[in-house]
Amino acid sequence: MSKSPKAEKLFIEGSAGRLEALLESPQDGAAAASAVVCHPHPEHGGTMQNKVVHTLARAFIAKGFSTLRFNFRGVGQSEGKFDDGQGELLDALAAVQAMKDRGRMKLWVAGFSFGAAIAIRAAAEARADGLVSVAPAISRISLASGPPPQCPWLIVQGDRDELVDVADTIEWANGLEPGPELQIFQETEHFFHGKLAKLRDAVESFIDEHSKNPDKPG
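Residues numbered from 1 in each chain as written. Predicted model: local features only at pLDDT ≥ 70, side-chain atom pairs only at ≥ 80, totals over all residues. Heavy atoms only, no water.

Caption draft 1: Quick look at the overall build of the protein chain. The helix and strand tally for the protein chain stands at five helices and eight strands. Expected size for 218 residues packed as a compact globule is a radius of gyration near 17 Å; at 16 Å, the protein chain falls within 12% of this value. Taken across its 218 residues, the protein chain has 53% of its residues classed as buried. Intrachain contacts of the protein chain at a sequence separation of at least 6 include 64% that bridge at least 24 residues. A total of about 10400 Å² of accessible surface is found on the protein chain, and carbon and sulfur atoms cover 47% of it. (Helix = DSSP H or I, 4+ residues; strand = E, 2+ residues; numbered from the N terminus. Rg over C-alpha atoms; globule rule 2.2 N^0.38 Å. Buried < 20%, exposed > 50% of the residue type's maximum accessible area, 1.4 Å probe, protein only. Contact = heavy atoms within 4.5 Å. Areas by Shrake-Rupley, 256 points an atom, 1.4 Å probe, with all protein chains shown as cover.)

Caption draft 2: Inspection of the pattern of salt bridges at higher detail. The tally for this structure, following the rule as stated, stands at seven salt bridges. Between Arg58 and Glu24 there is a salt bridge, with its nearest N and O atoms 3.1 Å apart. With a gap of 34 residues between them, Arg58 in helix 1 (residues 51-62) and Glu24 in strand 2 (residues 17-25) connect regions that are remote in the sequence. With relative accessibility at 4%, the residue Glu24 sits in the buried group. Where Arg200 meets Glu204, a salt bridge forms, and the shortest distance between an N and an O atom there is 2.7 Å. With Arg200 and Glu204 both in helix 5 (residues 196-210) and four residues apart, this pair spans about one turn of that helix. On the accessibility criterion, Glu204 (15% relative accessible area) is buried. Each member of the salt-bridge network shares a partner with another, and the members are Glu24, Arg58 and Arg69. (Salt bridge = Lys/Arg side-chain N within 4 Å of Asp/Glu carboxyl O.)

Caption draft 3: Geometry of the pairing of strand 4 (residues 65-70). For strand 4, a buried count of six out of six residues is recorded, marking the element as mostly surrounded by other parts of the structure. The side-chain alternation of strand 4 yields two buried faces, one formed by Phe65, Thr67 and Arg69 and the other by Ser66, Leu68 and Phe70. Summarising the sheet, strand 2 and strand 4 pair through four bridges and their orientation is antiparallel. Residue pairing for strand 4: Ala21 is matched across the bridge by Phe70. (Pairing = 2+ DSSP bridges.)

Caption draft 4: Local environment of the sheet that holds strand 7 (residues 153-158). Sheet architecture is open: eight strands sit in the order 1-2-4-3-5-6-7-8, paired in mixed fashion. Both edges of this open sheet fall to strand 1 (6-14) and strand 8 (181-185), since each of them pairs with a single strand only. Each strand of the sheet is rotated relative to its neighbour by a mean of 20 degrees, with strand direction disregarded. One ladder, built from five bridges, connects strand 5 (residues 107-112) with strand 6 (residues 130-134); its direction is parallel. Within strand 6, the position partnered with Ala110 by the bridge is Val132. Helix 2 (residues 86-100) rests against strand 1, strand 2, strand 3 (33-38), strand 4 and strand 5 of the sheet, and its axis sits at about 150 degrees to strand 4. Sitting on the sheet, helix 4 (residues 166-174) touches strand 7 and strand 8, and the angle it makes with strand 7 is about 160 degrees. (Axes fitted to C-alpha atoms, helices over the stretch in contact; angles between N-to-C directions.)

Caption draft 5: Expanded view of the confidence of the model for the protein chain. Within the protein chain, residue pLDDT values average 92, and 94% of them lie at 70 or more. Below pLDDT 50 for its whole length, residues 213-218 participates in nine contacts with residues either more than four positions away or in separate chains. (pLDDT = per-residue confidence, 0-100.)

Next up, the structure:
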């Protein structure tokens, strides 16, 4: 059985004030890389304690990553108020910078639903080394200002997602260049009820495949 990660509660300085965050690191030795995980929609109960977000964090920690979850502005103890995605992108970039400031490690970004849309935009802007987006709210993603993320990228969605149409996700992903890896889980709804272990396995396998590629530029 793996050991519980070291956990540190902290605050990040964001453009709208302090952001509540939780930094988790492997108990055994230094982290191999770092990750930032973004939570679902703040106005629909999304927080960094969401079960899918927690699952993503555990997958990264299991692979030796130092992992940061945080609450968007206006959620929990984070200051500010909801900004319809624009301010939340700044929050994600502040979290990414906070992790970069801790060392010159490879850095991945991940997110779920609304948080996945923010993570995609943050990964592109911050030139992340990897990206995992679960059930991305694609209606909120605009890549018109620049190319899509150039890093290894996994999209996971359920075929019975009641909030994000799987056909729309497939069409959107097929139009991207370079194209992400797209995994569609069968008999799976938006919140991955009963499928969290499968989700974690998929993310860990993707990390294994891409995080140690020596030819990937830093």
